[in-house]
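Structural description and commentary
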Amino acid sequence: MAAVLDRKQVIVRPTGAALGADIEGVDLAGALPPETVTAINQAWGEHLVLRFRGQKLSDDDLMRFSRLFGDLDWAPVAATKDAPEGRDYIMVVSNVVENGQPIGQLGAYEAIWHTDMSYVAEPPSASALYSLEAPPSGGNTGFCNMYRAYETLPAELRRRIEGRVCRHDASRNSAGELRRGFVDTADASQTVGAEHPIVRTHPVTGRQALFLGRRRNAYIPGLPLAESEALLDALWAYATKDEFTWYQQWRAGDLILWDNRCVMHRRDAFDPATRRVMHRTQIKGDRPL
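Since the structure is predicted, the reported quantities are computational estimates derived from the model, not experimental observations.

Conventions we followed
- Every chain is numbered on its own, with residues counted from 1 as its sequence reads.
- This being a predicted model, a pLDDT of at least 70 is required before a residue's local features are given, and a value of 80 or more before pairs of side-chain atoms are given or counted; all residues contribute to the totals for chains, interfaces and linings.
- Water and hydrogen atoms play no part in the side-chain values, which are based on all heavy atoms of the structure.
- Per the convention used, a helix needs a DSSP run of H or I reaching at least four residues, while a strand needs a run of E reaching at least two, with both numbered from the N terminus.
- Whether a residue is buried, partly exposed or exposed follows from its accessible area with a 1.4 Å probe, protein chains only, as a fraction of its type maximum: under 20%, in between, or over 50%, in that order.
- Should any heavy atoms of two residues lie within 4.5 Å, those residues are counted as being in contact.
- Using a 1.4 Å probe, accessible areas were evaluated by the Shrake-Rupley method; residue-level cover was limited to the displayed protein chains.
- Following DSSP output, two strands are said to pair if at least two bridges run between them.
- Each residue after the first adds 1.5 Å to the expected span of a helix.
- Note that the arc is defined by the directions from the helix axis to the C-beta atoms.
- Every axis corresponds to a line fitted to the C-alpha atoms, with the helix fit spanning only the stretch in contact, and the corresponding angles, defined between N-to-C directions, vary from 0 to 180 degrees.
- Put simply, buried Ala, Val, Leu, Ile, Met, Phe, Trp, Tyr and Cys residues joined by side-chain atoms within 4.5 Å make one nonpolar core.

A count of helical and extended segments in the chain gives five helices and 19 strands. Relative to its full complement of 289 residues, the chain shows a buried share of 53%. Within the chain, contacts between residues separated by at least 24 positions form 79% of all contacts whose residues are at least 6 apart in sequence. Only carbon and sulfur atoms are counted for the fraction: they give 50% of the accessible area of the chain, which is about 12,900 Å².

What follows is the structure, given as structure tokens:
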């Protein structure tokens, strides 16, 4: 059921899935009144992922909207190339090649379940992804409710992760590409990256959520490698069950805002002969506790 959250007629339409809601009646290309921002924040806290359709945004518009939720974080370092000059806060996600060079990152292949930049000490709190061009099919983005995954976690799994941290691999991006400056390793216990609690407390809502990052080369310090692998496999298999997810089917003009502290996401592959162009910002976060 749709809900109107304030006198500016911000309409919230939940997806009916484990997370996600459409926000209607808001044009993000201009400055937003405080009551509209309050309404959006309220809906975001409840639904974790918000979709704004039919937007026409410049990079400046995207950055202005993103700053409503905190300071902008630097765009992540590309696996293969430097970001275009002047786009320090904008990550271009695209398969398009112009003049023999890719204009963005991550190509047309699948991006596995992950949390943005969980391999750093203070991962981003949120990301906003805006669609300039979308393929006719494929390239859908899945989101996973990590509150619900933790709250329904079987008691035995919950006991095994109590007080545990996980080391998050920094060497590869979500498409599996080895980042520049890193050495590949087949031994997850030797992975390089930040260590975070497997269960984190959200700094705003106070709710607890699983915080898994990405599966490849993740490691739980203090456990034999085989035991760490088995425990992480069990956690990932549970947390990414269909009942905890919702999928975004992209149209040009869609903007998706998600909470990186309690949501994981992934992307379906799509036909590389079609075009997909997205611009993404991310918001600075803090150390998971």
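That covers the picture; the talk isn't over yet.
What follows concerns the pairing of strand β10 (residues 126-133). With respect to burial, β10 is a largely interior element, six of its eight residues being buried. The sheet contact formed by β10 and strand β17 (residues 255-259) spans five bridges and is antiparallel. Paired with Ala126 across the bridge in β17 is Asp259. As paired elements, β10 and strand β19 (residues 277-283) share seven bridges and run antiparallel to each other. Opposite Ala126, over in β19, you have Ile283 as the bridge partner.

What follows concerns helix α5 (residues 225-239). Relative to the 21 Å expected for 15 residues at 1.5 Å per residue, α5 spans 21 Å between its end C-alpha atoms, a close match to the ideal helical length. Buried within α5 are the following residues: Ser228, Leu231, Leu232, Leu235, Trp236, Tyr238 and Ala239. The buried residues of α5 all sit within an arc of 165 degrees when viewed along its axis, so they share a single face. α5 presents Ala226 and Ala237 as exposed residues on the side facing more than 90 degrees away from its buried surface.

With that settled, consider the sheet that holds strand β9 (residues 111-114). Adjacent strands of a sheet pair through backbone hydrogen bonds, lying either parallel or antiparallel. Here four strands make up an open sheet; going across it, the order is β9-β18-β11-β16 and the pairing antiparallel. At either end of the open sheet lies a strand with only one pairing partner, and these are β9 and β16 (245-248). Here the strands of the sheet are splayed against their neighbours by 15 degrees on average, with no regard to which way each runs. Bridge count for strand β11 (residues 141-145) against strand β18 (residues 263-267) is five bridges, and the pairing is antiparallel. By the bridge assignment for β18, Asn145 is matched with Val263.

Residues Val49, Leu210, Leu212 and Leu235 are the most contacted members of the largest nonpolar core, which totals 42 residues. Looking at this core, the elements with two or more residues in it are β5 (91-94), β11, α3 (146-151), α4 (155-161), β15 (208-210), α5, β17 and β18. Ranked by residues supplied to this core, first place goes to α5 with six residues. Beyond its immediate chain neighbours, meaning those up to four positions away, Leu210 contacts Met146, Ala149, Tyr150, Leu153, Ile161, Ile198, Val199 and Ala239. If you look at the next biggest cluster of nonpolar residues, it comprises 27 residues, including Leu28, Ile40, Leu50 and Phe65.

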